[in-house]
Amino acid sequence: MSFGNAARVLTVVAACAAAAGSATSGSNQSQPAAQAGASSAPPPQQMEPTRALGVWRSTFGAVKIEADLSHGGLPSGGVHGVWLYQRQGQDVVGYFSGTLRGTVLQFRWQEPNNPPLTGEGYLVFDAEGRQYTGRWWSDKRDRVGDWNGWRAPTTSAASGSTDPGQYGDSEPQPAPARRPSPYQRQPYQPQPNQPQPYQPQPYQPQPYQPQPNQPQPYQPNQPQPYQPQPYQPQPQPTTYY
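Just so it is clear, the structure is predicted and the values come from calculations on it, not from any experiment.

Visitor: Would you explain the pattern of salt bridges in this entry?
Guide: For the structure shown, the criterion picks out seven salt bridges. For the salt bridge of E120 with R108, the shortest nitrogen-to-oxygen distance reads 3.5 Å. Linking E120 in strand β6 (residues 117–125) with R108 in strand β5 (residues 104–111), this pair joins segments that are 12 residues apart in sequence. Using a relative accessible area of 34% as the deciding quantity, one classes E120 as partly exposed.

Right, here's the structure in full:
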């Protein structure tokens, strides 16, 4: 697996690192190989796999564990993660991926350096998903140490959500006080329908305005000029004997 697949959760883990500020590499220094002890994981116990997911505090700073969909996700036990801590005032980021079987996660890890450090390890979760213990070692076995993690007992991990707001806070955060709004909403008061009383309007008679009689000018008859008619002789009746 490419460890770069876990880089997308780095921003979330960086935000959680402030909450786990006391957990730095100084709390888990690597030990000589002679003190490494057993490097084999114990037999796994039954556990809902989603209890391992989410954000943790640990002896190596903030840790984020997610299902690795490129390797089958939780049905196949595929998980990957990222951690962030400070060493000598510098942020150090590491990546891991592996297989979760019940309460036991066996993984390979990489911590970018020049050259990068690589190795293996295992984590053993409690069945309720509240804490884990584990061991890690480098491929050369020149570095080895414990890796312990925890989160608040009041946190519910059974939902399997990877929302960082649900994990990693040692104390529940109170809800912010609601600032009073200057606008006070008034309850609705229905207004009764008030009929308006009838107001009769007084009769105002209009004054009579007589119309002036306009006389028409006299037009005298004009005599027509005489036109003589031409004489028309009457025909004589015809007598028959």
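Visitor: Sorry, what's going on with the pairing of strand β2 (residues 61–67) here?
Guide: Here is the key point about a regular strand: its side chains alternate between the two faces of the sheet. With seven of seven residues buried, β2 lies mostly within the body of the structure. Relative to β2, strand β1 (residues 54–58) is paired through five bridges, and the arrangement is antiparallel. When the bridges of β2 are listed, G54 appears paired with I65. What sits between the antiparallel neighbours β1 and β2 is a turn of two residues. With six bridges connecting them, β2 and strand β3 (residues 78–87) associate as antiparallel partners. Bridged to K64 within β3 is V82.

Visitor: Looking at this structure, how should I read the pairing of strand β4 (residues 90–101)?
Guide: As paired strands, β3 and β4 are joined by 10 bridges and run antiparallel to one another. Note on β4: the bridge partner recorded for Y85 is V92. As paired elements, β4 and β5 share seven bridges and run antiparallel to each other. Bridged to L100 within β5 is L105. Count of turn residues in the β4/β5 antiparallel hairpin: two residues, of which G102 carries a positive phi of about 60 degrees.

Reading the values: rules and limits
Residues numbered from 1 in each chain as written. Predicted model: local features only at pLDDT ≥ 70, side-chain atom pairs only at ≥ 80, totals over all residues. Heavy atoms only, no water. Salt bridge = Lys/Arg side-chain N within 4 Å of Asp/Glu carboxyl O. Helix = DSSP H or I, 4+ residues; strand = E, 2+ residues; numbered from the N terminus. Buried < 20%, exposed > 50% of the residue type's maximum accessible area, 1.4 Å probe, protein only. Pairing = 2+ DSSP bridges.

In short, the description is geometric, and any link to function would need to be established separately.
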